[in-house]
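Now for the letters of each chain:
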Amino acid sequence: MSRVKIAFLVFAGILIIMQLIPLNQTNPPVVQNVAAPVLISEILKTSCYDCHSNETIWPWYSRIAPGSFLITRDVKMGRQHLNFSEFSDLDSFDSTDIADDLIEVLEAGDMPVIQYLLLHPSASLRDSESQALLQWVETLYPE
Ligand code: HEC
């Protein structure tokens, strides 16, 4: 067998084995959904919920390695930072922290993350939507 063939078989074998590695792509129960006006929750659902809630939509390609590793990691880390499905669990110290983080990412236009936008262009926040979210965050935690 030629080296190219062997290399190809090894590569194909690794890809197949990768598919067998179990990943935690589950949606835990919604504990306490964030209370927000309809317009705000629509924006959050469209642009943020796939990584910041327990209502993630896992598309078919999220099940295929190696992309599945990256997607699972984004959801895991996203939920750790901010979970709109477990919003009441935050004590007041955490909440002001979260508010600061939210204001920061919204002002910088950092969210949703770019790799997500490539596959979900409609999740991109329009200026008016960022503004609406910012105003909402300010009403959440008035100083
Ligand atoms: C594709 C997954 C994904 C989507 C969609 C997404 N985020 Fe995130 N978000 C992450 C990840 C991963 C992190 C943690 C790592 C990081 O900071 O990049 C994060 C972190 C954050 C943080 C914490 C930042 C910090 O400094 O600690 C905030 C706030 C946030 N996201 C808000 C949002 C908002 C608001 C939306 C919707 C407009 C959104 N995210 C959409 C994946 C996502």
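Reading the values: the criteria
- Residues numbered from 1 in each chain as written.
- Predicted model: local features only at pLDDT ≥ 70, side-chain atom pairs only at ≥ 80, totals over all residues.
- Heavy atoms only, no water.
- Donors = N, O, S within 2.8 Å, 3.2 Å for Na, K, Ca; no water.
- Tetrahedral: all angles 85-135°; square planar, octahedral: opposite > 155°, others 65-115°.
- Helix = DSSP H or I, 4+ residues; strand = E, 2+ residues; numbered from the N terminus.
- Patch = residues over 30% accessible without salt bridge, like charges linked within 9 Å, V, L, I, M, F, W, Y side chains within 5 Å.
- Areas by Shrake-Rupley, 256 points an atom, 1.4 Å probe, with all protein chains shown as cover.
- Salt bridge = Lys/Arg side-chain N within 4 Å of Asp/Glu carboxyl O.
- Lys, Arg positive; Asp, Glu negative; His and termini not counted.
- Charge placed at Lys NZ, Arg CZ, Asp CG, Glu CD.
- Buried < 20%, exposed > 50% of the residue type's maximum accessible area, 1.4 Å probe, protein only.
- Arc of directions from axis to C-beta.
- Contact = heavy atoms within 4.5 Å.
- Near = heavy atom within 4 Å.
- Polar contact = N/O pair within 3.5 Å; in protein donor to acceptor, adjacent residues only side chain to side chain.
- Nonpolar A, V, L, I, M, F, W, Y, C, P; charged D, E, K, R; others polar.

Draft legend 1. Spotlight on the coordination of the iron atom of the ligand. Note on the iron atom of the ligand: its protein donors are His 52 (NE2) and Met 111 (SD). The metal-donor distances range over 2.0 to 2.3 Å. With six donor atoms in place around the iron atom of the ligand and angles of 84 to 178° between them, the coordination shape is octahedral. Here His 52 is found in helix α3 (residues 49-52), whereas its partner Met 111 is found in the loop between α5 (92-108) and α6 (114-119), with 59 residues between them in sequence.

Draft legend 2. Region of interest: a negative patch on the surface. A contiguous patch of negative charge, built from Asp 97, Asp 100, Asp 101, Glu 104, Glu 107, Asp 110 and Glu 138, is present on the exposed surface. In terms of residue count, α5 provides more of the negative patch than any other element does, five residues in total. Looking at where Asp 101 falls in the secondary structure, it is placed in helix α5. The exposure class assigned to Asp 101 is partly exposed, which follows from its relative accessible area of 40%.

Draft legend 3. Structural view of helix α2 (residues 38-47). Of the positions making up α2, those classed as buried are Ile 40, Ser 41, Ile 43, Leu 44 and Ser 47. Each buried residue of α2 lies within a common arc of 155° when the element is viewed along its axis, so the set occupies one face. The exposed set on the far side of α2, more than 90 degrees from its buried face, consists of Val 38 and Leu 39. Here the buried face of α2 lies against α3, α6 and α7 (127-140).

Draft legend 4. Structural detail: the site of the ligand. Close contacts around the ligand come from 17 residues, with Cys 48, Cys 51, His 52, His 81 and Met 111 the closest. His 52 is positioned with one of its side-chain polar atoms (N or O) 2.7 Å from a nitrogen atom of the ligand. Within the side chain of Asp 101, one N or O atom sits 3.5 Å away from an oxygen atom of the ligand. Every element with two or more residues in the shell around the ligand is listed here: α3, α4 (67-81) and α5. With four residues, the top contributor of residues to the shell around the ligand is α4. Across the shell around the ligand, the residue classes tally to eleven nonpolar, four polar and two charged.

Keep in mind that these numbers describe shape and distance, not what the molecule does.
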